[in-house]
Amino acid sequence: MNLTIAYFSGTGNSRFIAENLIEKLPDAELVPIVKVLKDKIPISGKLGIVCPVYMHRLPHIVCDFIESLDNIPYLFLVGVNAGEIGKVFSLTRELIKQKNIHFQAGFSVRMPSNYLPFGEAVSGEEREALYEKALEKTKVIAETVGKNGSFFDRENSFFKTRIHPGLMYSMGYKFIQFLDKSFSAGPECNACSLCADICPVDNIEMQDGKPVWKKHCQQCLACLNYCPRDAIQYGKSTFGLSRYHHPKVSAKKLMEQK
């Protein structure tokens, strides 16, 4: 049975994990979720989804992708996160409840955070340790998937997913597309347009030499973290913070999603 691995990635973590799974699963094909939806590419057979965890949930575009699916004999999901998987497996089950999709495995992979409004990503030895553990986890994932196995990592507790910070995330998640109102470009911006080029959902356009966000954001923060001049800020919380993207995933490679 052929295997498709569909991914969505904002700053390269999920793309890196997906690439490593492809190396360990030689019959697998790597496809970007953005392109599948845009070009209406049919998906059938065994399927893996690799994506970030946003606010204890799946990115909106990944939900759209899952809702477009049917007749999947084996589905596994890899939630790439900064320490909390949230309730992405439970929510995936809700999305496929009325579909002929067999959700057999769910995995949590921890990577450095890219969400600068909550502070800088870890660096140095701590970052390298996360990369090493993540690669070890891909071996476990590949072994399980290769055998059509069933396995689910434990989701976060009821308190975390429903009370704190779950309640805040639940309210904020509904308005993710409008949270781009907090982005701005400072005087360092030289109108290179990389932010517009890299945005996976074409939410940015250049007007008078400055980026303008169009209110259908995914909050992937690719624009902020890949800006070569650190010109893009999110509110007042990201000034002076070191940007993060996976060192082995270039901006050019992320543009392949579109």
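For the structure itself, consult the block above.
Small disclaimer: the values here were computed from a predicted structure and weren't measured.

## Side note on the environment of G149
Line of reasoning, step 1. Tracing the backbone shows G149 in the loop between α5 (124-146) and β6 (151-152).
Line of reasoning, step 2. According to the relative accessible area criterion, G149 is buried, its value standing at 18%.
Line of reasoning, step 3. As a C-alpha pair, G149 and Y74 span 75 residues in sequence and 9.3 Å in three-dimensional space.
Line of reasoning, step 4. With sequence-adjacent residues up to four places away left out, G149 is seen in contact with Y74, Q104, A105 and T144.

## With respect to unusual backbone geometry
Line of reasoning, step 1. You will see that K40, though not glycine, has its phi angle at about 55°, which is positive.
Line of reasoning, step 2. Note that K40 resides in the loop between α2 (33-39) and β3 (46-52).
Line of reasoning, step 3. Relative accessible area serves as the criterion here: at 71%, K40 is assigned to the exposed category.
Line of reasoning, step 4. A positive phi angle, close to 55°, is found at D208, a residue other than glycine.
Line of reasoning, step 5. Within the secondary structure layout, D208 lies in the loop between β8 (204-207) and β9 (210-213).
Line of reasoning, step 6. Of the residues examined, D208 reaches a relative accessible area of 84% and is grouped as exposed.

Calculation notes
Residues numbered from 1 in each chain as written. Predicted model: local features only at pLDDT ≥ 70, side-chain atom pairs only at ≥ 80, totals over all residues. Heavy atoms only, no water. Helix = DSSP H or I, 4+ residues; strand = E, 2+ residues; numbered from the N terminus. Buried < 20%, exposed > 50% of the residue type's maximum accessible area, 1.4 Å probe, protein only. Contact = heavy atoms within 4.5 Å.

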